[in-house]
Amino acid sequence: MASGQLSRAEALASPGCRHACHVMLFSDTKIQLFGRIPIRHIILMQMRFDGLLGFPGGFVNPLKETLETGLSRELSEELGVALQISVEDHVDSCHAPASSPSSSSSSRFITHFYVKKIEEEQIREVERAAATTATDHGHEVLGMVRVPLYTTKGGGGLSSFLSHSFIGNARSQLVNTLLRFNLVAPEELHKALTHSMKIHT
Ligand code: GTP
Ligand code: MN
Ligand code: MN
Ligand code: MN
Ligand code: MN
Ligand code: MN
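Computed from a prediction, not measured in an experiment: that's the story for all the values here. (Residues numbered from 1 in each chain as written. Chains lettered and ligands numbered in written order. Predicted model: local features only at pLDDT ≥ 70, side-chain atom pairs only at ≥ 80, totals over all residues. Heavy atoms only, no water.)

Of note, F34 is a non-glycine position whose phi angle comes to about 55°, a positive value. According to the relative accessible area criterion, F34 is exposed, its value standing at 62%. You will see that N182, though not glycine, has its phi angle at about 60°, which is positive. Note on placement: N182 falls in the loop between α5 (170-180) and α6 (186-198). (Buried < 20%, exposed > 50% of the residue type's maximum accessible area, 1.4 Å probe, protein only. Helix = DSSP H or I, 4+ residues; strand = E, 2+ residues; numbered from the N terminus.)

Looking at where H90 falls in the secondary structure, it is placed in strand β8 (residues 90-95). A polar side-chain atom of H90 sits 3.4 Å from the main-chain carbonyl oxygen of D92. There is a polar contact of 2.7 Å between the side chain of H90 and the side chain of S93. Once residues within four sequence positions are removed from consideration, H90 is found in contact with R8, H112, F113 and Y114. (Polar contact = N/O pair within 3.5 Å; in protein donor to acceptor, adjacent residues only side chain to side chain. Contact = heavy atoms within 4.5 Å.)

For the rest of this paragraph, the subject is helix α2 (residues 67-79). Between its terminal C-alpha atoms α2 stretches 18 Å, which fits the 18 Å expected from 13 residues at 1.5 Å a residue. Of the residues making up α2, those classed as buried are L67, E68, G70, L71, S72, E74, L75, E78 and L79. Directly after α2, the chain includes G80, whose backbone phi takes a positive value near 75°. (Expected span 1.5 Å × (residues − 1).)

By size, the foremost hydrophobic cluster in this structure holds 24 residues, and its most contacted members are M24, I43, M45, V147, L158, L174 and L178. Listed by contribution, the elements that provide at least two residues to this core are β2 (18-28), β5 (41-48), β9 (109-117), α4 (158-162), α5 and α6. No other element matches α5, which puts 4 residues into this core. In this structure, V23, L75, I118 and I123 belong to the second largest nonpolar core, which totals 21 residues. (Core = buried A, V, L, I, M, F, W, Y, C linked by side-chain atoms within 4.5 Å.)

Bringing the pairing of β9 into the picture now. Of all 9 residues in β9, 7 are buried; the element is thus mostly enclosed. Where β2 meets β9, 9 bridges bridge the pair, whose relative direction is parallel. Looking across to β9, one finds that L25 is bridged to K116. Examined bridge by bridge, β8 and β9 share 5 bridges and lie antiparallel to one another. Looking at β9, one finds that C94 is bridged to T111. (Pairing = 2+ DSSP bridges.)

Let us look at the coordination of the manganese ion (ligand 3). The manganese ion (ligand 3) binds to the protein through E74 (OE) and E78 (OE); the donor distances cover 2.1 to 2.3 Å. A separation of 3.3 Å is found between the manganese ion (ligand 3) and the manganese ion (ligand 4), which share E78 as a coordinating residue. With a gap of 4 residues between them, E74 and E78 both fall in helix α2, about one helical turn apart. As far as the burial class goes, E74 and E78 line up, both buried. (Donors = N, O, S within 2.8 Å, 3.2 Å for Na, K, Ca; no water.)

Right, let's get into the packing of aromatic side chains. All chains considered together, the criterion is met by 4 aromatic pairs. Between F26 and F181, the ring centres sit 6.0 Å apart and the planes meet at 70°, which makes this aromatic pair edge-to-face. With F26 in strand β2 and F181 in the loop between α5 and α6, the pair connects residues that are 155 residues apart, well separated along the chain. Note on F26: relative accessible area 4%, which makes it buried. Arranged with centres 5.8 Å apart and planes meeting at 65°, the rings of F161 and F166 form a pair that is edge-to-face. According to the relative accessible area criterion, F166 is buried, its value standing at 12%. In this arrangement the basic side chain of R18 is found over the ring face of F59, its NZ or CZ atom lying 3.9 Å from the centre. (Phe/Tyr/Trp six-rings, centres within 6.5 Å; stacked < 30°, edge-to-face > 60°. Lys NZ or Arg CZ within 6 Å of the ring centre and 35° of its normal.)

Our focus in this paragraph is the site of ligand 1. Around ligand 1 sit 19 residues in total, of which F55, F59, E78, N169 and Q173 are the nearest. Measuring from an oxygen atom of ligand 1, one finds a side-chain N or O atom of E74 at 3.1 Å. The contact in question runs from an oxygen atom of ligand 1 to an N or O atom on the side chain of E78, over 2.8 Å. Where the shell around ligand 1 is concerned, the elements lending two or more residues are β2, β7 (57-60), α2, β9 and α5. Along the lines of polarity and charge, the residues of the shell around ligand 1 split into 6 nonpolar, 9 polar and 4 charged. (Near = heavy atom within 4 Å. Nonpolar A, V, L, I, M, F, W, Y, C, P; charged D, E, K, R; others polar.)

Written as C-alpha cells, this is what we have:
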C-alpha cells in the first residue's frame, strides 16, 4: 500500500477521525465524438462550489451511519438520486493530504473512495436529476461534468482535463482508477499526464 493508505477496517478503527466518502460513477458508451472519436466510458465528476473538480460524496459520521449509507445520503443530496453503494464498491481509504483546508491535522481526516459501474441510462438519469431535483444543485454543486478520455489532434481532451484544479487527492483518485479499471491505455494516460503538466492557462 502507498503511504497514507489504510484498509477500510483500519480506517474505521482510527479514533477521533473525521471521514468523507466519494464515488466515481461510470458506464460504458458507444457514443463517438464528431462521429469518429470513441468516447468509450462516461465518468462523472462535479464542479464544486469552490471551483474545484471532485467526485460526488461528502462527510460521513460512522457513529451514526455506515460509510456506505452516509455516501448514499450524500448522493441523494448532490445528485438527486438514491444510489446504493456497497462495501464491494470500496477501492481505498487514506489520510487526506496535509494541504486539505478542512483539517488542520491531516491524520485526523480520512477519505474513502468508491468506484461503481452503472448503465449508461442511469448516468443520464443522474445528470438529469443533478441539474433539476438535487437539493444541492446551484450552490454546493455547480454541475456534473463528464471526463474526456481521448486525445484530440490538437492535444486536448484528457490532458486538458487533468490540468484543471482538483479538490484533495481527487486527481490521483481519477488517474489511479483509469489505470486500475483499464479505462485508458497506460501509454495514452502517460502521454496525457506529461502533456497536462505543460499546460498553463
Ligand atoms: P458539506 O455538506 O458542505 O459538509 O460538504 P460535503 O459533506 O459534501 O463534503 P465534501 O464533498 O466537500 O467532502 C468533504 C471533504 O472531503 C472536503 O472538504 C475535501 O477535503 C474532501 N473531498 C471532497 N471531494 C473529494 C474528492 O473527490 N476526493 C477526495 N479525495 N477528497 C475530497
Ligand atoms: Mn458541435
Ligand atoms: Mn454534500
Ligand atoms: Mn460533497
Ligand atoms: Mn455533507
Ligand atoms: Mn451539504
